[in-house]
Amino acid sequence: MPCLPAGVVLFERGWLSSNNLLLTDLRGTGPAALVDSGYCTHAAQTLALVDQALDGAPLDRLLNTHLHSDHCGGNAALQQRYPALQTAIPPGQAQAVRDWDAHALSYAPTGQLCPRFHFDSLLQPGQEVALGAGHWQVHAAPGHDPHAVLLFEPSWRLLVAGDALWHNGFGVVFPELEGASAFAEVGASLDLIERLAPATVVPGHGGAFDDVGPALERARRRLDGFVAAPRKHALYAAKVLLKFKLLELQSIPEAELLAWARRTPYFQTLHARHFTDAPMDAWGLALVEDLLRSGAAAREGTLLVNR
Ligand SMILES: [Zn+2]
């Protein structure tokens, strides 16, 4: 695991909650900023991590790389805990947040939870923001999410990539779930990352890494596979959404999970676009069997249990 600069603290979470990156100045006395806030069911842990790291001092700024539920699900709790907190979001969904449009914000179509929060300013691509001891460039990074941004600190060559690049791949390409094409944008965001030439990447999930070249190569190979066979991406996306729900609930009667999938819009569109060769229920069951086979879930009587 690469060393991060002084004043940069990574809370590596898991897959239900995105990572959180705490940025303070070198003495830890200036304004403190947090990038991304995790999933709402982990909000108490997010608050505890921030509180402990800041030793009771207030958090001043909160920024989101994008507004998926696992990246901003702790926003509301942080805003409540720190009344003077200034929250900045990427500009693309400003209106959707103002109106709290759960469809546009993906919480309704994914069947995921996200408590309502507000924002104070926008992270405009092209802008530079001073956070902690760094001066961060904001870059648009569409693909996984059309409105996502990256944060890049050029003197440290440190990139906060969100879900545009992981050590092994990248996040589900959400626009593709609605039938919009976005694989080209994923590729363009990988090209952007290559041009920025970061020495270290803090991904949205998983540990920080410094073997950026091989990670870009893996991501491009994965992308090529999806471009060649979009059904593969659709299957992957459906399994990710199902596993995410299981991560959230930890254990649920199998019939209930299948019923949840049946009424969740993204499962309906994925099925209708790619998997009509099997009825919805049989397809849902096949997804569960896949999770069992890969060890991502286990059956305990009528329950499905997260693994
Ligand atoms: Zn995401």
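Since the structure is predicted, the reported quantities are computational estimates derived from the model, not experimental observations. (Residues numbered from 1 in each chain as written. Predicted model: local features only at pLDDT ≥ 70, side-chain atom pairs only at ≥ 80, totals over all residues. Heavy atoms only, no water.)

A. Examining the environment of Gly111 more closely. By secondary structure assignment, the location of Gly111 is in the loop between α5 (107-110) and β6 (121-122). Residues Gly111 and Thr264, spaced 153 residues apart in sequence, show a C-alpha to C-alpha distance of 5.7 Å. Apart from the residues lying within four places of it in its own chain, the contact partners of Gly111 are Lys245, Trp260 and Thr264. (Helix = DSSP H or I, 4+ residues; strand = E, 2+ residues; numbered from the N terminus. Contact = heavy atoms within 4.5 Å.)

B. Structural detail: the coordination of the zinc ion. Each protein donor to the zinc ion is listed here as His66 (NE2), His68 (ND1), His144 (NE2) and Asp163 (OD); together their distances run 2.0 to 2.4 Å. The coordination sphere of the zinc ion comprises four donor atoms, whose angles at the metal cover 87 to 171 degrees; the geometry is irregular. Each donor residue of the zinc ion belongs to the same chain, and together they define the spacing H-x1-H-x75-H-x18-D. Remark: Asp163 occurs in the loop between β10 (158-162) and α6 (174-177) and His68 occurs in the loop between β4 (61-63) and α2 (69-72); sequence separation between them is 95 residues. A single burial state applies to His68 and to Asp163, both of which are buried. (Donors = N, O, S within 2.8 Å, 3.2 Å for Na, K, Ca; no water. Tetrahedral: all angles 85-135°; square planar, octahedral: opposite > 155°, others 65-115°. Buried < 20%, exposed > 50% of the residue type's maximum accessible area, 1.4 Å probe, protein only.)

C. Region of interest: the pairing of strand β8 (residues 134-140). Here four bridges tie strand β7 (residues 128-131) to β8, and the two strands are oriented antiparallel to one another. The residue of β8 that forms the bridge with Leu131 is Gly134. Count of turn residues in the β7/β8 antiparallel hairpin: two residues, of which Gly132 carries a positive phi of about 60 degrees. (Pairing = 2+ DSSP bridges.)

D. Region of the structure containing the sheet that holds strand β12 (residues 251-253). Pairing within the open sheet is antiparallel, and its three strands lie in the order β12-β14-β13. The open sheet has two free edges, formed respectively by β12 and β13 (297-300), since each of these has just one partner strand. Neighbour-to-neighbour, the strand axes of the sheet open up by a mean angle of 25 degrees, direction not taken into account. Across three bridges, β12 lies against strand β14 (residues 303-306) in antiparallel orientation. By the bridge assignment for β14, Ser251 is matched with Val305. Its contacts with the sheet put helix α10 (residues 254-263) on β12, β13 and β14, and the angle it makes with β12 is roughly 85 degrees. Here helix α12 (residues 280-293) sits on the sheet and contacts β13 and β14; the angle it forms with β13, its principal contact strand, is near 105 degrees. (Axes fitted to C-alpha atoms, helices over the stretch in contact; angles between N-to-C directions.)

E. View of the packing of α10 against helix α11 (residues 265-274). The contact between α10 and α11 brings their axes to 5 Å, and the two run at 75 degrees. Compared by their axis directions, α10 and α11 come out roughly perpendicular. Contact residues: α10 offers Trp260, Ala261, Arg262 and Arg263, while α11 offers Pro265, Phe267 and Gln268. When its residues are assigned to classes, the contact of α10 with α11 shows four nonpolar, one polar and two charged. (Parallel < 35°, antiparallel > 145°, perpendicular 65-115°, else oblique. Nonpolar A, V, L, I, M, F, W, Y, C, P; charged D, E, K, R; others polar.)

F. Spatial organisation of the pairing of strand β9 (residues 149-153). Counting buried positions over the five residues of β9 gives five, a clear majority of the element. Along β9, one buried face is formed by Val149, Leu151 and Glu153 and the opposite face, lined by Leu150 and Phe152, is buried too. As judged from the three bridges shared by β9 and β10, these two strands associate in the antiparallel manner. What sits directly across from Leu151, in β10, is Val160.

G. Representation of unusual backbone geometry within the structure. Its identity as a non-glycine residue notwithstanding, Trp100 has a phi of 45 degrees, on the positive side. Residue placement: Trp100 occurs in the loop between α4 (94-99) and α5.

H. Quick look at the domain arrangement of the chain. Domain boundaries assigned for the chain yield domain 1 (8-227) and domain 2 (231-306). Each of domain 1 and domain 2 has a C-alpha centre, and the two are 26 Å apart. At the interface, 25 residues of domain 1 touch 17 residues of domain 2. Run the count over domain 1 and domain 2 and you get zero salt bridges. (Domains from an automatic or database assignment. Salt bridge = Lys/Arg side-chain N within 4 Å of Asp/Glu carboxyl O.)

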